Amino acid sequence: MNTARAESNVPRGKFGFEHVPETDQSFENALEKARNGDRLTVADGVELLTTGTDRPGIDLVRKERVLEAADRRREETVGDRVTFVANLNNNVTTACNTGCLFCNFKNTAQNFEKGGGDHGGFTKTPEESREIVADARERGIYEVTSVSGLHPALALDDEHREILESSERGDLNYKSPEAYEKDPATYADQLRAMSLPGVHVHSMTPEEAYHARRGTEWSYEEVFRRLKAAGLDSVPGTAAEILVDEVRGVICPGKIGADEWVEAIEAAATVGLDTTATIMYGHVENEMHRVMHLERVRDVQDRTGAITEFVPLSFVHRNTPLYERGMVDGGATTHEDELLIAVSRLFLDNVENVQSSWVKYGDEQGLKMLSCGANDFMGTILSEEITKRAGGEFGEFRSFAEYVDMVSAVGRRPAERSTDYRQIVDIDPDDPPFGPTLGPCADGTPLVP
């Protein structure tokens, strides 16, 4: 029987990876397990993500069956609410020397030194960060997300700076703040500046935590304990990319390995911090790598129970070194995006919330993801710099009114949530105006006129 098929952008054999999407499982068996709510194996996940390794391309009929199973699981797990949060992005600096090939957010840190010339990037002082967050708080925001480049002058706190200043090691990616046009101060200083009453600070990725302990023998637990004392409330599980080291060796050889990412996330959970988890897919990896990544996230959640949401991030290829060097031709296709959301919902049986990123997918496709297994639709994001600098085209702000209109249009229930999902407030589409209510200065007034 002839069925409609679509090509994917997954590279085949180009990078000589050990892990390839081949299994002894069948698509039908894997789908039956997913429908029954059985815990899936990696082989099951690969069959669902590829719509069967027994045939080339994506079988569009099979794909719809996977999406239906995921949508049913979403309904059983979290109901018909679509949640969103009133938040602000306040990234502290674009200075970074890590050299990730998928990123165009960074600017080489040397350019930020005194006399370094024009570079188009930025560094904010703690005073500037505080002013930005304070203004957003007055408007109703109650979450600030901060993910930054690894500025060589950034230290964890004053004690860490003293250690770095006195070290004779040349491999610590450290330079004194005096070398730079603007001093970012320390991570603790920045967190204290952003930690205003009633504002949830979501910051310090595993990669940043590694930067905050370089040159010491401190454990990740010690680092996150100090960060928590400075005002950190939860940890974004970004910098995960793909948690398989043969992929990381291609796209981000300067970053921590998969095991260390897991160690950092588990340490954050140990000191009482909630975390999220992400996957950044659609570049050099294949479907086996994607499902291996899901398995690592599921294992972490089995041990910690601290992951509040899973966030698939579709690779935006424009303006990135991977694309400019001809290593990739583009990002994931729409079919791949839909299957990734769906298989994430089915595979991660211990993570309640799966997010659809309108920044990555756009409004129309972002809404479609809500019928593929996703139940969260991000936040207002008063500033979004990372995707935009990589060539993203879908804007950087979303009002509550837009959320209510879009979610209602697809027959779902709009709901405001806190960062940790412990507070959820349904919104009546027939009772405007629409604005945040969960923050210290949030009284339902729209964030913008």
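Before any of the text, the structure's been laid out above.
An account of the accompanying structure is given in this report.

Basis of the calculations
- Residues numbered from 1 in each chain as written.
- Predicted model: local features only at pLDDT ≥ 70, side-chain atom pairs only at ≥ 80, totals over all residues.
- Heavy atoms only, no water.
- Pairing = 2+ DSSP bridges.
- Helix = DSSP H or I, 4+ residues; strand = E, 2+ residues; numbered from the N terminus.
- Axes fitted to C-alpha atoms, helices over the stretch in contact; angles between N-to-C directions.
- Phe/Tyr/Trp six-rings, centres within 6.5 Å; stacked < 30°, edge-to-face > 60°.
- Buried < 20%, exposed > 50% of the residue type's maximum accessible area, 1.4 Å probe, protein only.
- Lys NZ or Arg CZ within 6 Å of the ring centre and 35° of its normal.
- Contact = heavy atoms within 4.5 Å.
- Polar contact = N/O pair within 3.5 Å; in protein donor to acceptor, adjacent residues only side chain to side chain.

A few words now on the sheet that holds strand 11 (residues 413-417). Strand order in the open sheet formed by 4 strands is 10-3-11-12, with mixed pairing between adjacent strands. Lying at the two open borders of the sheet, with one neighbouring strand each, are strand 10 (376-379) and strand 12 (424-426). The average angle at which neighbouring strand axes cross in this sheet is 30 degrees, direction not considered. The pairing of strand 3 (residues 81-85) with strand 11 spans 4 bridges and is parallel. Within the sheet, the bridge partner assigned to Val82 lies in strand 11 and is Pro414.

In this description, an aromatic ring pair is defined by two values, namely the gap between the centres and the angle between the planes. Evaluated as defined, the whole model comprises 4 aromatic pairs. Relative to Tyr403, the ring of Phe84 lies with its centre 4.1 Å away and its plane at 5 degrees, an arrangement referred to as stacked. Remark: Tyr403 occurs in helix 17 (residues 400-409) and Phe84 occurs in strand 3; sequence separation between them is 319 residues. Of the two residues, Phe84 and Tyr403, neither departs from the other in class, the shared state being buried. Aromatic pair Phe377 and Tyr403: ring centres 5.7 Å apart, planes at 65 degrees, arrangement edge-to-face. Taken together, the residues Phe377 in strand 10 and Tyr403 in helix 17 connect sequence positions 26 residues apart. No difference in accessibility class separates Phe377 from Tyr403, as the two residues are buried. Following the ring pairs from residue to residue traces out a cluster consisting of Phe84, Phe377, Phe400 and Tyr403. Directly above the aromatic system of Tyr220 lies the positively charged group of Arg213, at a separation of 4.2 Å from the ring centroid. Between the NZ or CZ atom of Arg226 and the centre of the ring of Trp218, over which it lies, the distance is 4.0 Å.

Within the secondary structure layout, Arg137 lies in helix 4 (residues 126-139). Look at Arg137 and you get buried, because its relative accessible area is 16%. Residues Arg137 and Ala86, spaced 51 residues apart in sequence, show a C-alpha to C-alpha distance of 9.7 Å. Leave out the neighbours within four places in its chain, and Arg137 touches Leu196, Pro197, Val199, Pro440 and Cys441. A polar side-chain atom of Arg137 sits 2.7 Å from the main-chain carbonyl oxygen of Pro197.

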